[in-house]
Amino acid sequence: MVGRPALDGVRVVDLGWGIAGGYATKLLADAGADVVKVELPDGDPLRGYSASFAPIDDHGPLFGFLNTTKRGAVLDYRTATGRARLLDLYATAELVMERSEPGEMESLGVGWEALADRRPDATMVSVSNFGRGGPWSRRPANEFTLMAIAGSTATRGQPGRIPFNAGGRIGEWMGGLTAAVAATSALRRARRTGKGDHVDLSLLETITPTCTNVQTLWGSFTGDYDTRALLEVPSVEPTRDGYVGFCVFTGQQWQDFTVLVGHPEWAGDPELATMGGRIAAGESIAGAIREWTSARTTEEVVHQATLLRIPVAPIGNGANVAEFDQFAQRGVYEPHPGGGFVQPRVPYRNNSHPSVAFRPAPRLGQHTDDVLGRLRAGGDSGASARQSGTDPAASPDALPLEGVRVVDMTAFWAGPYATMMLACLGADVIHIESVQRPDGMRFGSSRTPADDQWWEFGPTFQHANAGKRSVTLDLTRPEGMELLHRLIEVSDAMVENFSPRVIDQFKLDWDTVINLNPRLVMVRMPAFGLDGPWRDRVGFAQTMEQVSGMCWLSGYPDAAPQLARGPSDPLAGLHAAYAVICGLHARERTGKGSFVEATMVETALNAAAEQVVEYSATGHLMAREANHHPYACPQGVYACSDGALIALSVESDEHWAQLLAAVPELELDQVADSAALADRFAARHAFDERLSRWCGGLAASDVVERLISFGVPAAEVEISRGGDRNPQVNARGFYEAVEHRLAGTHRFPAFPARFGRQPDRWFTRPAPTLGEHNAEVLGGLLGVDDGDLARLEAAHIIGTRPAFAPSSPAV
């Protein structure tokens, strides 16, 4: 039976702007919330943006996509009248999403305290560059400079060339998504307790782990901080008619790849078994791969690689991705309801609580009269009912997901990242593995197979599984599956990211699960979907970046596209976590569980949507151009006299005026035909020449200090494993010391937001060793006695060491 959308009945006041603010509230609107976008008279700056610089009526295509299904009102809350009207609107809302500099809303009398005074059960989510508090709280920045500070920019490039930021402002999308996760989890607690909260989200903290592959932790585990931007082998390779992308992650995939390209002898060379060894081999390997792919069409390469189950993808862009057969057959793209372009659908599908049908983005102030008229009449049917609390036993100081149990059947990074977020927010997450097939991310280790228990030293595994318990079950055996069924019966949610065929083999489809537990929320995370011609293809984060268009926008204009380096995994994970929380909201209302398909590639397609909406609206094909992007100019990474690099970005007219004031000697106002962004962008290379010369004569710290003192976003480019050195994140306690009984103590990046009633720490326990909690969960929760536990271990249905290492090596 199809019910109401998950967030039906929730009123959201949206004071956000740009991508982060827009995507956060788009996700809420998609799930059924009534989102009222409140703008100042000049409107959201994104209204006037188009990557093509095409003439704009009310708003450009990216704004149109991000603000689908919202209502729009203009309230000048800088004035007494506008402020009073906004506060009246606050009284009708359970959530307020705002994107301002710390202290700005408070100075206007419309901050958190003003909201709490009118709605004690309401929650405000404040999104800012650095978060509230700390020495950099009001430092000028934008996504481009934040990526440099986090260490993300330093991960991309080629030897001897300036590193580049990933195209498409991925950090903003990540921030908006994380804000939606934080908002809905806080909303769940507020509805149970009747008390709201203030959530303080830092974009820098969001970006640091997700856009660097948790590189700070790799530095801590290995002691190696001297990393360079290198090209994977294989990666994006030329074909006869374009490009194709590979992701060779496991040993088996490398062996199969050697067969694919006609060099099976490579499989016998242990030096080539690792990515580092292949990179070191240089042209002897990379050149042979290019020779093979260049002789074939993209379709031919994809077909042959798919037969060998090698992760592979055509390189998507704004012109072609919507036509790929998987997306066309599944209806992934649909016309914008206001006409003019096509856009991706919501990247998850709940079978019982579907997303609302898209409505056009509002014109500036389109619904002002309606919103104010309903307030005056006192009969606003869209207002959220004030909550007194549905659970008298629930503590307003408890974590938002306390009392929720999650069966975690995920592996690698995307799925475990989803459930790690749920664990941080208070859920009891039980990570399911087997001694026959441990989580593959365990093998991305800082130790070698010569070391005992080397699989327990994987930095990415350690981070993505902190706060969880581990149970091993051989699901190919009836007793293992029976125990999983019993665990499902006593849980609230289940998340899995196996390939669809594996779940088919396990007979763990929704019909089976709902019979075991009608209240369970089940989220599946297939790479490409549960149907369609690509259903059974293998895909990792790199594959998603390649096919979605993220790669297309990342790199140098005279070279092949390059990887964005990992954000697709946490993007998929955060969307899945959001889908779980929305499912729990719906269950609170109906008492029934639901099934959700959260397809990994569709999350990437949403984050890369600008390319498709821009191309379908204007015919403009966005392309990679290193650090030049049409939303800002001047913008670039420049070398300084001390050998360090700085990132500079001028995104607004205010930034432009501040740059002119900061460096009058450069006469930058004489470079472009006018101060308009389009004219500045046309002169981008001339700006680069002047700024490069200026930076080259000064130390990086001097350049940055001068620019930020005038309000220009600028930052030194941090090494990829140096993000934890930043004084801002350390002042806010973003990194938490986590002690593991084998791996020792390391500083882990935590949940990137602070709640008003935040606990002392987000991580309640370290990542589990393999099967560490078999007795605790199977015995304590399911009632399996000690004798049966011993028998199960003897039969290798459960265990604490992989089957390939049944005992410790002899000393």
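Position numbers for residues count from 1 along each chain, tracking the sequence in the order it is written. Local features in this predicted model are restricted to residues whose pLDDT is 70 or higher, and side-chain atom pairs enter the listing and the counts only when it is 80 or higher, whereas totals over whole chains, interfaces and linings include all residues. Side-chain numbers come from the whole structure's heavy atoms, not from hydrogens or water.

A. Structural view of the overall build of the protein chain. Helix and strand assignments follow DSSP, with helices taken as H or I runs no shorter than four residues and strands as E runs no shorter than two, numbered in order from the N terminus. Scanning the protein chain from N- to C-terminus turns up 31 helices and 24 strands. All radius of gyration figures rest on C-alpha atoms, and the globule criterion is 2.2 Å times the number of residues raised to 0.38. Here the protein chain has a C-alpha radius of gyration of 26 Å; the compact-globule value for 811 residues is 28 Å, and the two agree. In terms of overall dimensions, the protein chain has a C-alpha envelope of 75 × 65 × 50 Å along the principal axes. The contact criterion used throughout is that any non-hydrogen atoms of two residues lie within 4.5 Å. For the protein chain, the share of sequence-separated contacts (at least 6 apart) that also reach a separation of at least 24 residues comes to 77%. Charged residues are defined narrowly, with Lys and Arg counted positive, Asp and Glu counted negative, and His plus the chain ends left uncounted. In this description, the location of a charge corresponds to atom NZ of lysine, CZ of arginine, CG of aspartate or CD of glutamate. For the protein chain, the distance from the average site of its 73 positive side-chain charges to the average site of its 98 negative ones is 4 Å.

B. Representation of the sheet that holds strand β3 (residues 71–74) in the model. The 7 strands are arranged β3-β2-β1-β4-β5-β6-β24 in an open sheet whose pairing can be described as mixed. One side of each edge strand has no neighbouring strand; the edge strands of this open sheet are β3 and β24 (753–755). Mean inter-strand twist for the sheet, computed between neighbouring axes without regard to direction, equals 20 degrees. Two strands qualify as a pair provided that DSSP identifies no fewer than 2 bridges between them. Looking at chain direction, strand β1 (residues 11–15) and strand β4 (residues 95–98) are connected through 4 bridges and run parallel. The residue bridging Leu15 from the neighbouring strand is Glu98, located in β4. Whenever a helix is involved, its axis is fitted only over the stretch in contact; in every case the axis is a line through C-alpha atoms, and angles between N-to-C directions fall within 0 to 180 degrees.

C. Examining the side chain of Arg330 more closely. Positionally, Arg330 belongs in helix α14 (residues 325–330). Within polar-contact distance, the side chain of Arg330 engages the side chain of Thr599 at 3.3 Å. Polar contacts involving the side chain of Arg330 include one to the side chain of Glu602, which spans 3.0 Å. Discounting chain neighbours no more than four positions away, the residues touching Arg330 are Arg345, Arg349, Phe528, Gly529, Leu530, Asp531, Glu597, Thr599 and Glu602. Here a polar contact means two N or O atoms within 3.5 Å. Within protein one must be a hydrogen donor candidate and the other an acceptor candidate, and residues neighboring in sequence count only if both atoms are side-chain atoms.

D. Representation of the packing of helix α6 (residues 143–150) against helix α8 (residues 203–210). Packing of α6 against α8 leaves a shortest axis separation of 9 Å and a crossing angle of 55 degrees. Here α6 is positioned oblique relative to α8, judged by the angle of their axes. Seen from above, α6 lies across α8 with right-handed handedness. Packed against α6, whose contacting residues are Leu146, Met147, Ile149 and Ala150, the element α8 presents Leu203, Leu204, Ile207 and Thr208 at the interface. Class assignment of the residues belonging to the contact of α6 with α8 gives a composition of 7 nonpolar, 1 polar and no charged. What sets the label is the angle itself: under 35 degrees gives roughly parallel, over 145 gives roughly antiparallel, 65 to 115 gives roughly perpendicular, and the rest give oblique. Handedness of a helix crossing follows the sense of rotation of the near helix relative to the far helix, less than a right angle counterclockwise being left-handed and clockwise being right-handed. The nonpolar class holds Ala, Val, Leu, Ile, Met, Phe, Trp, Tyr, Cys and Pro. Asp, Glu, Lys and Arg form the charged class, and all remaining residues, Gly among them, are polar.

E. Spatial organisation of the nonpolar core. For the purposes of this section, nonpolar cores are sets of buried Ala, Val, Leu, Ile, Met, Phe, Trp, Tyr and Cys residues that join through side-chain atoms within 4.5 Å. Throughout this description, buried means an accessible area under 20% of the type-specific maximum (1.4 Å probe, protein chains only), exposed means over 50%, and partly exposed covers the range between. Counting residues in each nonpolar core, the largest one holds 149 residues, and the members touching the most others are Leu28, Phe327, Leu422, Val523, Tyr578 and Phe751. Per-element tally for this core: the top contributor is helix α22 (residues 568–590), with 12 residues. If sequence neighbours within four positions are ignored, Phe327 has contacts with Val321, Ala322, Val332, Tyr333, Trp534, Val547, Val601 and Leu605. Formed by 31 residues, the second largest nonpolar core is a distinct cluster that contains Leu782, Leu789, Ile797 and Ile798.

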